[in-house]
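Observations on chain architecture
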Amino acid sequence: MATQTTAERARKPRRDERRVVSNIVRGSIGNLIEWYDWYAYTAFSVYFASVFFPSGDQTAQLLNTAAVFAVGFLMRPIGGWVLGRYADRRGRRAALTLSVTLMAAGSLIVALTPSYGSIGVAAPILLVMARLLQGLSVGGEYSTSATYMSEVATPGRRGYYSSFQYVTLIAGQLTALGLQIVLQQVLSPAQMDSWGWRIAFVAGAAGAVIVLWLRRGMDESESFERAASEGEKEQDGPARGGLRLLLSYPRQCLVVVGLTMGGTLFFYTYTTYLQKFMVNTSGIAKPTAAWINFFALLVFVLLQPVMGLLSDRVGRRPLLIAFGVLGTVVVVPSLTLLSHTSDPVYAFLLMVGPLAVSSLYTSISAVVKAELFPTSIRALGVGLPYALTVAVFGGTAEYIALWFKKAGHENWYFYYVTACVLISLLVYIRMRETSDASPLDEDVSRSRD
């Protein structure tokens, strides 16, 4: 039997690593487009709020768009369940392809729906339908991409590679903001309010076509293929991806809920809501607020792989505890100070500081959840409890914040966010380190046997 030379053995790990990078890139680009489409709604809602709803004061119109934003989140648990089951039974690649197709359909509906003045109440109804489709899509995208990227990542660098899920998630928001800034430069305010915002949704649908082609070239994860092969031989017990099987992991599901609650509310407060906060509370001009958000998020995205790599060195739990402590302390002072300033530099610092704190959670959020569950239930285990928690806390963040503002008690929202982060901190303190002897490591060990 021929033996491998030293040079051949050295080249194989490099080829394997290149393939890992290729799969991560293909999955990440798709994730970027998905989240671009999702965030384009909130980035451009300051322009289309008056198009889809009857005339009224700005806060009331933003409240209506925030309500539709929250409705989209109600579909995320369904997406986490439906596409999570699909990913655990039919494969990660198939589920990722389906999710981006649903997102493209939602974006096209938003882009082509006439105004309230033209078709009346049908306009907000179609907007809700579009967000329901996008909510279904993004609910499945998060769980499946988190699962896929953690399964194909190189052992020992799982935190680093998995952090690119939030790199591309935030990059999607940056792309939406970047396009908004460009359109603000080339179009007049009247054109932006009338039809300019529609360009963003047409671009998102077009990008999805490219993603469909890219994802066809992705490898299926070896963990899934092995679990599927073994599942065909073992007919007894709950089916892969089934709720019955998920219910046999109650502790893991509760951990996902607890660690997500504060993290997701903190994240959505300082990303999607803060642009509206700057315009509606601080009195900062829309274009200036867009620039502040863009540069703050750019710093945020650069921090993700740094924190992911750090988690591979020191573990996931220390980073989560640091987020819980700092997040509990920073919310009230940062939002209070921001509400009393219109200085762009000061506003940027008040945004980027909390975002740096958030990166301690976001960079490892996906891999921590994936490390809790075995392959046969990983996509559903990551997706369903996470999506339910995000729907309750992240999806309602804008609506609750605006409701408090309309009621004359905006600062109550600051304490609400603080309380949720504190509850998550208690979970971080009590949970076990997930990077030690996780089911993902068992998958790797079995692949070497």
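Residues numbered from 1 in each chain as written. Predicted model: local features only at pLDDT ≥ 70, side-chain atom pairs only at ≥ 80, totals over all residues. Heavy atoms only, no water.

1. What about the overall build of the chain?
Applied cut-off: Secondary structure elements are defined from DSSP: runs of H or I of at least 4 residues count as helices, runs of E of at least 2 residues count as strands, and each element is numbered from the N terminus. Per-residue accessibility, obtained with a 1.4 Å probe over protein chains only, is compared with the maximum for each type, and a residue is labelled buried under 20%, exposed over 50%, and partly exposed between these values. Contact between two residues is taken to exist if any of their heavy atoms lie within 4.5 Å; hydrogens are not considered. Shrake-Rupley sampling with a 1.4 Å probe provides the accessible areas, and residues are treated as covered by the protein chains on show and by no other component.
When helices and strands are counted, the chain shows 19 helices and zero strands. By the burial criterion, 57% of the 449 residues in the chain qualify as buried. Considering only contacts in the chain between residues 6 or more positions apart, those separated by 24 or more positions represent 87%. Here the chain displays about 17600 Å² of accessible surface, and carbon together with sulfur accounts for 65% of that area.

2. Focus on the pattern of salt bridges
To keep things clear, this is the line we draw: Salt bridge criterion: a side-chain nitrogen from Lys or Arg within 4 Å of a carboxyl oxygen from Asp or Glu.
Taken as a whole and judged by the stated rule, the model has six salt bridges. For the salt bridge of Arg-158 with Glu-371, the shortest nitrogen-to-oxygen distance reads 3.9 Å. Linking Arg-158 in helix H6 (residues 158-162) with Glu-371 in the loop between helix H15 (344-370) and helix H16 (378-394), this pair joins segments that are 213 residues apart in sequence. For Lys-405, the salt bridge identified is with Glu-410, shortest N-O distance 4.0 Å.

3. Quick notes on a nonpolar patch on the surface
Stated precisely, the cut-off is as follows: Patch membership requires more than 30% relative accessible area and the absence of a salt bridge. Residues of like charge join within 9 Å; the nonpolar side chains Val, Leu, Ile, Met, Phe, Trp and Tyr join within 5 Å.
The grouping of Ile-78, Trp-81, Val-82 and Leu-243 at the surface amounts to a nonpolar patch, some 310 Å² of accessible area in total. By residue number, the principal contributor to the nonpolar patch is helix H2 (residues 58-90), which donates three residues. If you trace the backbone, Val-82 turns up in helix H2. By relative accessible area, Val-82 is classed as partly exposed at 38%.

4. Comments concerning the packing of aromatic side chains
Counted only if it meets this: Paired rings are identified among Phe, Tyr and Trp, the last through its six-membered ring, by centres lying within 6.5 Å, and are further divided according to the angle between planes into stacked (under 30 degrees), edge-to-face (over 60) and tilted (the rest).
If you walk through the whole model with that rule in mind, you get 21 aromatic pairs. Each ring, one from Tyr-273 and one from Tyr-413, has its centre 6.0 Å from the other, and the planes form 65 degrees; the classification is edge-to-face. Within this pair, whereas Tyr-273 is found in helix H12 (residues 250-282), its partner Tyr-413 is found in helix H18 (residues 411-430), the two being separated by 140 residues in sequence. Take Tyr-273: its relative accessible area is 3%, and that puts it in the buried class. Judged by relative accessible area, Tyr-413 falls into the buried class, the value being 2%. Centre to centre, the rings of Phe-404 and Trp-412 are 6.0 Å apart; their planes meet at 75 degrees, and the pair counts as edge-to-face. A relative accessible area of 14% means that Phe-404 is categorised as buried.

5. Brief notes about the nonpolar core
Threshold: Nonpolar cores are built from buried Ala, Val, Leu, Ile, Met, Phe, Trp, Tyr and Cys residues. Side-chain atoms within 4.5 Å join them into one set.
Grouped together as the largest cluster of nonpolar side chains are 104 residues, with contacts concentrated most on Phe-44, Phe-48, Trp-197, Tyr-268 and Met-278. When residues of this core are assigned to their parent elements, the largest contribution, 15 residues, is made by H12. Each residue touching Trp-197, except ones within four places of it in the same chain, is listed here: Phe-44, Tyr-47, Phe-48, Val-51, Phe-52, Val-110 and Met-192.

6. Looking at empty space enclosed by the protein
Stated formally: Only protein atoms enter the 1 Å grid used here. Points where a 1.4 Å probe fits but cannot escape make up a cavity, open sets with protein on both sides within 12 Å along at least five of seven lines make up a pocket, and a residue lines them when an atom lies within 4 Å of a point. Grid points are joined across faces, edges and corners, and a volume is the space filled by probe spheres set on the points. The classification used treats Ala, Val, Leu, Ile, Met, Phe, Trp, Tyr, Cys and Pro as nonpolar, Asp, Glu, Lys and Arg as charged, and all other residues, Gly among them, as polar.
Counting across every chain of the model gives one cavity of 30 Å³ or more. In this structure, the largest cavity spans a volume of roughly 60 Å³. For the lining of the largest cavity, the elements supplying multiple residues, two or more each, are helix H1 (6-52), helix H7 (164-186) and H12. Looking at the lining of the largest cavity residue by residue, the class counts come to four nonpolar, six polar and one charged.

7. Regarding the packing of H12 against H18
Under the convention used in this document: Lines fitted to C-alpha atoms define the axes here, with helix axes fitted over just the stretch in contact, and angles between the N-to-C directions of these axes take values from 0 to 180 degrees. Angle categories: roughly parallel below 35 degrees, roughly antiparallel above 145, roughly perpendicular from 65 to 115, and oblique for all the rest. Crossings are classed by handedness, with left-handed meaning an anticlockwise turn of the near helix from the far one by less than a right angle and right-handed meaning a clockwise turn.
Across the interface, H12 lies against H18 with an axial gap of 7 Å and an inter-helix angle of 150 degrees. As summarised for this structure, H12 and H18 are arranged roughly antiparallel, according to the angle between their axes. In this structure, the crossing between H12 and H18 has a hand that is left-handed. Taking contact as the criterion, the partners of Val-255, Gly-258, Leu-259, Met-261, Gly-262, Gly-263, Leu-265, Phe-266, Thr-269 and Phe-277 in H12 are, on H18, Tyr-413, Phe-414, Tyr-416, Val-417, Cys-420, Val-421, Ile-423, Ser-424, Val-427 and Tyr-428. The class makeup of the residues in the contact of H12 with H18 is 15 nonpolar, five polar and no charged.

8. With respect to the environment of Phe-44
Considering the arrangement of structural elements, one finds Phe-44 in helix H1. Taking C-alpha positions, Phe-44 is 7.3 Å from Gln-180, a pair spaced 136 residues apart along the chain. If we ignore the near neighbours within four places in the chain, the residues touching Phe-44 are Ala-176, Leu-179, Gln-180, Leu-183, Met-192, Trp-197 and Ala-200.

9. Here we look at the packing of helix H13 (residues 286-314) against H15
Look at H13 against H15: their axes get within 8 Å of each other, and the N-to-C directions meet at 30 degrees. Here H15 runs roughly parallel to H13, going by the angle between their axes. Once H13 is placed against H15, the crossing between them reads as right-handed. A class-by-class count of the residues in the contact of H13 with H15 yields 17 nonpolar, nine polar and no charged.

10. Points about H7
Using the following cut-off: Here the expected length of a helix is defined as 1.5 Å per residue gap, with one fewer gap than residues.
The terminal C-alpha atoms of H7 lie 32 Å apart, and with 23 residues this matches the ideal 33 Å at 1.5 Å per residue to within 8%. Here H7 lies mainly inside the structure; 17 of its 23 residues are buried.

11. Some thoughts on H16
For H16, with 17 residues, the first-to-last C-alpha span of 22 Å sits near the 24 Å given by 1.5 Å per residue. Extensive coverage of H16 is indicated by the burial of 15 of its 17 residues.

12. Here we look at the confidence of the model for the chain
Note the cut-off: pLDDT: the predictor's confidence for each residue, scored from 0 to 100.
Averaged over all residues, the pLDDT of the chain equals 81, while 86% of them reach at least 70. Low confidence marks residues 5-12, where pLDDT is under 50. Its contacts with residues over four positions away, or in another chain, come to three contacts. Ignoring residues within four places in sequence, the model shows residues 444-449, a span with pLDDT below 50, making five contacts including any to other chains.

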